[in-house]
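So the chains spell out like this:
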Amino acid sequence: EWTSESFIETTVAALKEKLGDDKVVLGLSGGVDSSVAAVLLHQAIGKNLYCIFVDNGLLRKDEFESVLDSYKHMGLNVTGVDAKQRFYDALEGLSDPEKKRKAIGRVFIEVFDDEAHKVQDVKWLGQGTIYPDVIESVSVKGPSATIKSHHNVGGLPDFMKLKVVEPLNTLFKDEVRRVGKSLGIDPNILGRHPFPGPGLAIRILGEVTPEKVAILQQADAIYINNLRSAGVYDKVWQAGAIYLPVQSVGVMGDERTYENVVCLRAVESLDGMTADWCHLPYELLAKISNEIINNVKGINRVVYDISSKPPATIEWE
Ligand code: XMP
């Protein structure tokens, strides 16, 4: 019978054997998979694991700092890279979702390659690939598609010529969470909703600017904090706020406002392939809407997405 403890024991032993004194670079995303993969590798090879965590400026509010902090507390050898401006520059003027994804994928590869080059004599690339990624049943919009299209153009960046080590590639998501729990990883990281690689860029419809990111981060934080304090967060498979490229009229005191709309999305799902919109309580939605409108400058209207997948994808882009 499969247990997380026996998986950890055999995997760490096998990694030690396979990697010896070799160095490994691994990109952390703040998500469950890369975090669990990193801790397993760390148990096997310690400081020879070099983790890289890139701030693409498209993460949730304060997420980069808080996640980097948890990684350091876990004892990981991790470098945080502030690459916000490089991503914003690459996104300037782009409004097509696939062009945005490609730009983000390209810059990520450049930033990661720069950092990987700083590690002398690195032999391996660690990845948090899980079994469903291997059988490519995840999302046709997933990051691997972005990476592939990039390669066809320019040839492989150096870090992609490294040998690949993927300690989780036989596991399903729930097994990864169980392994993470046995490894003592922060429940906040393990229970985190899925979050797309291109981050808030695909939740800002149309062109991405740092100003829109800041507005969306505030609205999203109010939304997610309320889901947490209402005890609903763990019952929802994925939730997030979307910045719509629509302005509508409002009144504030005696004044007329003409500002943007934020849409709230929350879904129940098993694997993201199909999804039902969550029937969140009206009182909770009312509280979130009020807090967003009263506190987030630039937003005067909040709507709730009541569409299921198919046909409405979870993300709007
Ligand atoms: P959709 O929008 O296709 O999303 O219903 C299904 C799941 O995939 C995530 N998603 C992405 N993840 N890069 C990612 O890493 C992407 O480009 C991407 N697009 C969608 C989405 O958040 C949901 O969990």
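All values derive from a computational prediction rather than experimental measurement.

Cut-offs applied
Residues numbered from 1 in each chain as written. Predicted model: local features only at pLDDT ≥ 70, side-chain atom pairs only at ≥ 80, totals over all residues. Helix = DSSP H or I, 4+ residues; strand = E, 2+ residues; numbered from the N terminus. Rg over C-alpha atoms; globule rule 2.2 N^0.38 Å. Buried ≥ 20, exposed ≤ 12 C-beta atoms within 10 Å, placed from the backbone. UniProt positions renumbered as here; feature names shortened; annotations may be inferred. Contact = placed C-beta atoms within 7 Å. Domains from an automatic or database assignment. Nonpolar A, V, L, I, M, F, W, Y, C, P; charged D, E, K, R; others polar. Core = buried A, V, L, I, M, F, W, Y, C linked by C-beta atoms within 7 Å. Axes fitted to C-alpha atoms, helices over the stretch in contact; angles between N-to-C directions. Left-handed = near helix turned anticlockwise from the far one by under 90°. Expected span 1.5 Å × (residues − 1). Parallel < 35°, antiparallel > 145°, perpendicular 65-115°, else oblique. Pairing = 2+ DSSP bridges.

**Focus: the overall build of the protein chain**
Right, on to step 1. Looking only at helices and strands, the protein chain has eleven helices and nine strands in total.
Right, on to step 2. Taking 20 Å as the expected radius of gyration for a compact globule of 317 residues, we find that the protein chain reaches 20 Å, a close match to that expectation.
Right, on to step 3. Counting only C-alpha atoms and orienting by the principal axes, one finds that the protein chain spans roughly 70 × 45 × 35 Å.
Right, on to step 4. Looking at the 317 residues of the protein chain, the share that counts as buried comes to 33%.

**Details of the UniProt feature "binding site: ATP" (unreviewed entry) in the protein chain**
Right, on to step 1. In the UniProt entry, the feature "binding site: ATP" (unreviewed entry) is given for Ser 29, Gly 30, Gly 31, Val 32, Asp 33, Ser 34 and Ser 35.
Right, on to step 2. Along the chain, the position of Val 32 falls in helix α2 (residues 32-45).
Right, on to step 3. C-beta crowding within 10 Å serves as the criterion here: with 23 such atoms nearby, Val 32 is assigned to the buried category.
Right, on to step 4. For Val 32, the contacting residues outside a window of four places in its chain are Val 176, Arg 177, Gly 180, Ile 189, Leu 190 and Arg 192.
Right, on to step 5. Along the chain, Asp 33 falls in helix α2.
Right, on to step 6. When sequence neighbours within four positions are dropped, the list of residues in contact with Asp 33 reads Gly 128, Ile 130, Leu 168 and Val 176.

**Quick notes on the domain arrangement of the protein chain**
Right, on to step 1. Taken domain by domain, the protein chain comprises domain 1 (4-190) and domain 2 (203-304).
Right, on to step 2. Across the contact, twelve residues belong to domain 1 and eleven residues belong to domain 2.
Right, on to step 3. The residue inventory of the side of domain 1 that touches domain 2, partitioned by class, reads five nonpolar, four polar and three charged.

**Digging into the nonpolar core**
Inside soluble globular proteins, nonpolar side chains tend to come together where they are buried.
Right, on to step 1. Among the nonpolar cores identified, the biggest contains 75 residues, and Val 24, Leu 26, Val 36, Ala 38, Leu 41, Cys 51 and Ala 219 are the most heavily contacted of them.
Right, on to step 2. Lining this core are residues from two domains, each supplying at least three of them: domain 1 (4-190) and domain 2 (203-304).
Right, on to step 3. In contact with Leu 26, other than residues within four places in its own chain, are Ser 34, Ala 37, Ala 38, Leu 41, Leu 49, Cys 51 and Gly 126.

**Some thoughts on the packing of helix α4 (residues 84-91) against helix α5 (residues 97-117)**
Right, on to step 1. Interhelical geometry of α4 versus α5 gives an angle of 145 degrees and a closest axis separation of 9 Å. α4 and α5 meet at a crossing whose hand is right-handed. For the pair α4 and α5, contact is made by Arg 86, Phe 87, Ala 90 and Leu 91 and by Lys 100, Ala 103, Ile 104, Val 107 and Val 111, respectively.
Right, on to step 2. Classifying every residue of the contact of α4 with α5 by side-chain character gives seven nonpolar, no polar and two charged.

**Side note on α2**
Right, on to step 1. In a regular helix each residue adds 1.5 Å, so 14 residues correspond to 20 Å; α2 covers 20 Å between its end C-alpha atoms and thus fits that length.
Right, on to step 2. Counting buried positions along α2 yields 13 of 14 residues, so the element is predominantly enclosed.
Right, on to step 3. Immediately beyond the C-terminal end of α2, within one or two residues, lies Gly 46, with a positive phi of roughly 55 degrees.

**Focus on the packing of helix α10 (residues 210-229) against helix α11 (residues 282-295)**
Right, on to step 1. With their axes 10 Å apart at the nearest point, α10 and α11 run at an angle of 150 degrees to one another. Here α10 is positioned roughly antiparallel relative to α11, judged by the angle of their axes. Handedness of the crossing formed by α10 with α11: right-handed. Contacts between α10 and α11 pair Gln 218, Ala 219, Ile 222, Tyr 223 and Asn 226 from the former with Leu 284, Lys 287, Ile 288, Glu 291, Ile 292 and Asn 295 from the latter.

**Topic: the environment of Thr 10**
Right, on to step 1. Topologically, Thr 10 is positioned in helix α1 (residues 4-19).
Right, on to step 2. Classification of Thr 10 by C-beta neighbours within 10 Å gives exposed; the count is 10.
Right, on to step 3. Taking the C-alpha atoms as reference, Thr 10 lies 44 Å from Ile 204; in sequence the two are 194 residues apart.

**Notes on the sheet that holds strand β5 (residues 163-165)**
To summarise the sheet geometry, strands pair through backbone hydrogen bonds and adopt either a parallel or an antiparallel arrangement.
Right, on to step 1. Spatially, five strands are ordered β3-β2-β1-β4-β5 in an open sheet, and the strand pairing comes out parallel. Here the strands that pair on one side only, and so sit at the sheet edges, are β3 (78-82) and β5. Looking at each pair of strands side by side, their axes are set apart by 30 degrees on average, direction ignored.
Right, on to step 2. Packed on one face of the sheet, helix α3 (residues 63-73) meets β1 (23-28), β2 (49-55) and β3 and runs near 165 degrees to β3.

**Some remarks on unusual backbone geometry**
Right, on to step 1. Lys 309 connects to Pro 310 through a cis peptide bond whose omega is -5 degrees.
Right, on to step 2. For Pro 310, the location among the structural elements is in the segment after β9 (299-304).
Right, on to step 3. A cis amide bond links Pro 310 with the next residue in sequence, Pro 311, at an omega value of 5 degrees.
Right, on to step 4. Locating Pro 311 in the fold gives a position in the segment after β9.

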